[in-house]
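Chain by chain, the residues:
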Amino acid sequence: DDTLRYACWNPVIFKNKTGELALFYKVGPNPREWWGEMKISKDGGRNWSAAKRLPEGMLGPIKNKPWQLKDGSILYPSSTESLDEKTWHIHLEKSDITFENWTKISINNDSFGVIQPSILHYPNGDLQLLSRSRQNYIVQCWSKDNGQTWGPLSKTSLPNPNAGSDAVTLKNGWQLLVYNPMPAGKEWWNGRNKLEVALSKDGHNWETLTVLENEPDGEYSYPAVIQDERGLIHITYTYNRKNIRYVTMILEP
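Counting from 1, residues in each chain are numbered in the order their sequence is written. With the structure being a predicted model, the display of local features is reserved for residues of pLDDT at least 70 and the display and counting of side-chain atom pairs for 80 or more, all residues being used for whole-chain, interface and lining totals. Derived side-chain values reflect all non-hydrogen atoms in the structure, with water molecules and hydrogen atoms excluded from consideration.

Q: What exactly am I supposed to notice about the sheet that holds strand E8 (residues 103-106) here?
A: Working definition: the strands of a sheet are paired by backbone hydrogen bonds and lie parallel or antiparallel to each other. In short, DSSP must find at least two bridges between two strands for them to pair. Each helix is a run of H or I in the DSSP string that is no shorter than four residues. Each strand is a run of E no shorter than two, and both are numbered from the N terminus. The strand order E5-E6-E7-E8 describes an open sheet built from four strands, whose pairing is antiparallel. Each edge of the open sheet is held by one strand with a lone partner, namely strand E5 (67-68) and E8. Note: strand E6 (residues 74-81) against strand E7 (residues 88-95), eight bridges, orientation antiparallel. Within the sheet, the bridge partner assigned to Glu81 lies in E7 and is Trp88.

Put into C-alpha cells, the structure is as follows:
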C-alpha cells in the first residue's frame, strides 16, 4: 500500500517442456514470514502474466531450480525457517506441467538444520538432494521413487560454512556442484571467500574441478548453475554483495 512494500526474494526462472517460462520468487518481511508468488511468460520472457500467489502453504523453489519428471510433473526443492530461527526444514513441492495442482512432499529433518536444497538425478532413476546446513557440511538425502519418499539425511564429505550452493546433472550423467568449501567462522560471512566447482560421477565421491574464487577476504556466494543445449556450463554468483559475476565453462570429453 502507500506506506508498506515488502521485499521480493530469491528469484528462480524455470522453463518447462512446453516452452513456458515461470518466474518464482518470495514476497514478505523476512524468510520466516514470506510467501511464494509466480509469473508466466509464453514468449521467451518478453511479456509476463500478472503475479499469482502460490497455493496456501506452498513457497515454490526456495533458491535452486526445479526438476521436471518424465511424466511432465515438476519437483520444486523448498524449505522453511521457523519464526524463532531455530528450526530449518527442507521439503519438496510438486505441480503438474502447467504449474497447477500443487502438493507437498515432507522429508524427515530431525537430525539436521537444512535449507535451500538442489536436485540431482541419476541414470538408474535415483534422485539426490544437496542442502545447505548448520552442521558445517553439505547434507544429502536420496529418493528411489521419483521424489515421493526420501531416505535419511546424512553429511557429505563436502565442508560448507552454512552458505548456499547449487548443483546440476550434466548431459553426460556426471554431477557438478558450485559451493564454498570452507568451515564456518565467527561471523556469518566467514568461509565465503573461497568458491569452488566440484565434480562427481556417483554423488558420493567429489573432486575439485576448478577454483572460481580464493581470496583472504571477500564474499563469493549464492551460486546458480545450468548447462545449455550446446553443453556449455553457465555459473553466476554474488561478488562481494556488490555485483554478480558470470562464468562459462566447458568440460572436455
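Q: Whenever I open this one, the sheet that holds strand E4 (residues 52-53) confuses me. Can you help?
A: With antiparallel pairing, four strands are arranged side by side in an open sheet as E1-E2-E3-E4. Of all strands in the sheet, those bounded by a partner on one side alone are strand E1 (7-15) and E4. Relative to strand E2 (residues 21-28), E1 runs antiparallel, the two being bridged by seven bridges. In the strand pairing of E2, Trp9 is matched with Lys26.

Q: What's the story with the side chain of Asp228 in this structure? I'm lost.
A: Its location among the elements puts Asp228 in the loop between strand E17 (220-227) and strand E18 (233-239). In this structure the side chain of Asp228 is engaged in a polar contact, spanning 2.9 Å, whose partner is the backbone nitrogen of Arg230. Asp228 has contacts with Lys171 and His234, leaving out every residue within four places of it along the chain. Under the rule applied, a polar contact is a pair of N or O atoms within 3.5 Å (in protein, one hydrogen donor and one hydrogen acceptor; residues adjacent in sequence only if both atoms are side-chain atoms). Contacts: residue pairs with any heavy atoms within 4.5 Å of one another.

Q: When you look at the packing of aromatic side chains in this model, what are you seeing that I'm missing?
A: For any pair of aromatic rings, the description consists of the separation of the ring centres together with the inter-plane angle of the planes. A pair of aromatic rings is counted whenever rings of Phe, Tyr or Trp (Trp by its six-membered ring) have centres within 6.5 Å, and the orientation is called stacked for planes under 30 degrees apart, edge-to-face for over 60 and tilted otherwise. In total, this model carries nine aromatic pairs according to the counting rule given. Ring centres 6.1 Å apart and planes at 70 degrees place the aromatic pair Phe24 and Phe99 in the edge-to-face group. With a gap of 75 residues between them, Phe24 in strand E2 and Phe99 in the loop between E7 and E8 connect regions that are remote in the sequence. No difference in accessibility class separates Phe24 from Phe99, as the two residues are buried. Ring geometry for Tyr122 versus Trp142: centroids 5.2 Å apart, planes at 35 degrees, classification tilted. With Tyr122 in the loop between strand E9 (114-121) and strand E10 (127-133) and Trp142 in strand E11 (residues 137-143), this residue pair connects regions lying 20 residues apart in the sequence. On the accessibility criterion, Tyr122 (9% relative accessible area) is buried. Judged by its relative accessible area of 21%, Trp142 falls in the partly exposed class. Linked through ring pairs, Phe24, Tyr76, Phe99 and Trp102 together constitute an aromatic cluster. Exposure classes here rest on a 1.4 Å probe applied to the protein chains alone. A residue is buried below 20% of its type maximum, exposed above 50%, and partly exposed in between.

Worth remembering: the numbers are spatial, not functional.
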